[in-house]
Amino acid sequence: MSTDLPYAEVIGDPIAQSKSPPIHKFWLDRLGLEGDYRRCHVTPDALAGYIADRRADPAWRGCNVTMPHKQAIMSMIDTIDPAAAAIGAVNTVVRQPDGSLTGFNTDAPGFLEPLLDDLAQPHLFRMARIIGNGGAARALVKALSDHGFVIVIFGRDPAKGRALLDELDPEGEHHTAPLSSLAEPTGFAFDDRVGCLDVVVNASPLGMAGNPPLALHPSHIPPRSICYEIVTSPLETEFLKTAAAGGFRTIDGLSMLIGQAAYAFEKFFGQPAPRGEDAALRDILTA
């Protein structure tokens, strides 16, 4: 698939649902850069062949990596950025000038971007409740634990969540709980949480179009929490609707998606993404 036009792409299985191409194409157009960004359906069996093929194409600048390849691809590239190695997952592969391939994880900084103002403030205590213990949770657990959060993972298999916490932050005093416990009201009496930073994150596919709903009783959301969704379809999930109805601050899935894409875009095309255009980009993505 050689071409003279510099290009990057997003790979995964499935891939048709990815919003990455319109994001990167929007930025390329706004900056007047010569380049392209595509989707490429790559099955697990075809991943090694894909990497070998792209290595031979000098126009290829790299790729974003979606499920289920974020861990498997690590053994197929030349170097891993230390932050990605600590997370144990790569979502961005960049072709270097010498032709070697470096793996990065832009999910973690992309996730943290909407929280930077909050993280710059001092807090008496920080706690994150993360719903889900699959691949999407890896970057979130590492990013939040590195910023002093005590983490509670809610998953169908608490042992899997425990293993994830022990791998990514073995010294942390983190906890797990069954996902089913969120469905019923809790009698736990939260304090008013003044001086604390609480984040509730849905890092599961629950609530995504075509998936079961997320059963979350609002009594499990501490006062003054930030409710953060990584699902992008629908953009306003029932989780976010419930949180907004309760007066909580909400962050939708496009925030992380656009944030992580911006870090990758600069690595692929050598210029910062024009983030002053985020409102217009959101209009396109939600049209």
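It should be noted that the structure appears before, not after, this text.
These lines cover the structure that appears in this document, whether it is placed above or below. If you're wondering where the values come from, they're calculated on a predicted model, not measured in any experiment.

**A short note on the environment of His 69**
Phase 1 of the analysis: In this fold, His 69 is placed in the loop between strand 3 (60-65) and strand 4 (79-80).
Phase 2 of the analysis: For His 69, a relative accessible area of 1% translates into the label buried.
Phase 3 of the analysis: Measuring from C-alpha to C-alpha, the distance between His 69 and Leu 31 comes to 30 Å, with 38 residues separating the pair along the chain.
Phase 4 of the analysis: Beyond its immediate stretch of four places on either side in the chain, His 69 contacts Ile 11, Gly 12, Asp 13, Val 42, Thr 43, Pro 44 and Leu 47.

**Considerations on the sheet that holds strand 5 (residues 92-95)**
Phase 1 of the analysis: Ordered by their spatial adjacency, six strands build an open sheet running 2-1-3-5-6-4, and the pairing between neighbours is mixed. In this open sheet, the two edge strands, each paired with only one partner strand, are strand 2 (36-41) and strand 4.
Phase 2 of the analysis: Here strand 3 runs beside strand 5; their pairing, made up of three bridges, is antiparallel. Counterpart to Cys 63 in the pairing with strand 5 is Val 93.
Phase 3 of the analysis: Across the sheet, helix 2 (residues 47-55) lies against strand 1 (7-12), strand 2, strand 3, strand 5 and strand 6 (101-104), angled at about 175° from strand 1, the strand it touches most.

**Quick look at the pairing of strand 1**
In regular strands, side chains alternate between the two faces of the sheet.
Phase 1 of the analysis: With six of six residues buried, strand 1 is to be regarded as a mostly interior element.
Phase 2 of the analysis: Because side chains alternate across strand 1, one face comprises the buried residues Tyr 7, Glu 9 and Ile 11, and the other comprises Ala 8, Val 10 and Gly 12, equally buried.
Phase 3 of the analysis: Here strand 1 pairs with strand 2 via six bridges, running parallel. The residue bridging Gly 12 from the neighbouring strand is His 41, located in strand 2.
Phase 4 of the analysis: As a crossover connection, the stretch from strand 1 through helix 1 (residues 20-31) into strand 2 is right-handed.
Phase 5 of the analysis: In the sheet, strand 1 pairs with strand 3 via five bridges, with the strands oriented parallel. Note that in strand 3 the partner of Ala 8 across the bridge is Gly 62.

**Notes on the side chain of Asp 107**
Phase 1 of the analysis: In this fold, Asp 107 is placed in helix 4 (residues 107-112).
Phase 2 of the analysis: Classification of Asp 107 by relative accessible area gives buried; the value is 10%.
Phase 3 of the analysis: A polar contact of 3.1 Å, which involves the side chain of Asp 107, links it to the side chain of Asn 91.
Phase 4 of the analysis: Ignoring anything within four residues of it in the chain, the contact list for Asp 107 reads Lys 70, Asn 91, Ala 139, Met 256 and Gln 260.

**Some details on the nonpolar core**
Phase 1 of the analysis: In terms of nonpolar packing, the biggest core is built from 30 residues, with Phe 111, Ile 130, Leu 140 and Ile 151 touching the most fellow members.
Phase 2 of the analysis: Where this core is concerned, the elements lending two or more residues are helix 4, strand 7 (125-131), helix 6 (135-146), strand 8 (150-155), helix 7 (158-168), strand 10 (196-202) and strand 11 (226-229).
Phase 3 of the analysis: The element best represented in this core is helix 6, accounting for six residues.
Phase 4 of the analysis: When neighbours within four sequence positions are excluded, Ile 151 is seen to be in contact with Ala 128, Ile 130, Val 141, Leu 144, Ser 145, Leu 165, His 174 and His 175.

Rules used throughout
Residues numbered from 1 in each chain as written. Predicted model: local features only at pLDDT ≥ 70, side-chain atom pairs only at ≥ 80, totals over all residues. Heavy atoms only, no water. Helix = DSSP H or I, 4+ residues; strand = E, 2+ residues; numbered from the N terminus. Buried < 20%, exposed > 50% of the residue type's maximum accessible area, 1.4 Å probe, protein only. Contact = heavy atoms within 4.5 Å. Pairing = 2+ DSSP bridges. Axes fitted to C-alpha atoms, helices over the stretch in contact; angles between N-to-C directions. Right-handed = clockwise from strand over helix to strand, strands pointing away. Polar contact = N/O pair within 3.5 Å; in protein donor to acceptor, adjacent residues only side chain to side chain. Core = buried A, V, L, I, M, F, W, Y, C linked by side-chain atoms within 4.5 Å.

That's the geometry; what it means functionally is another story.
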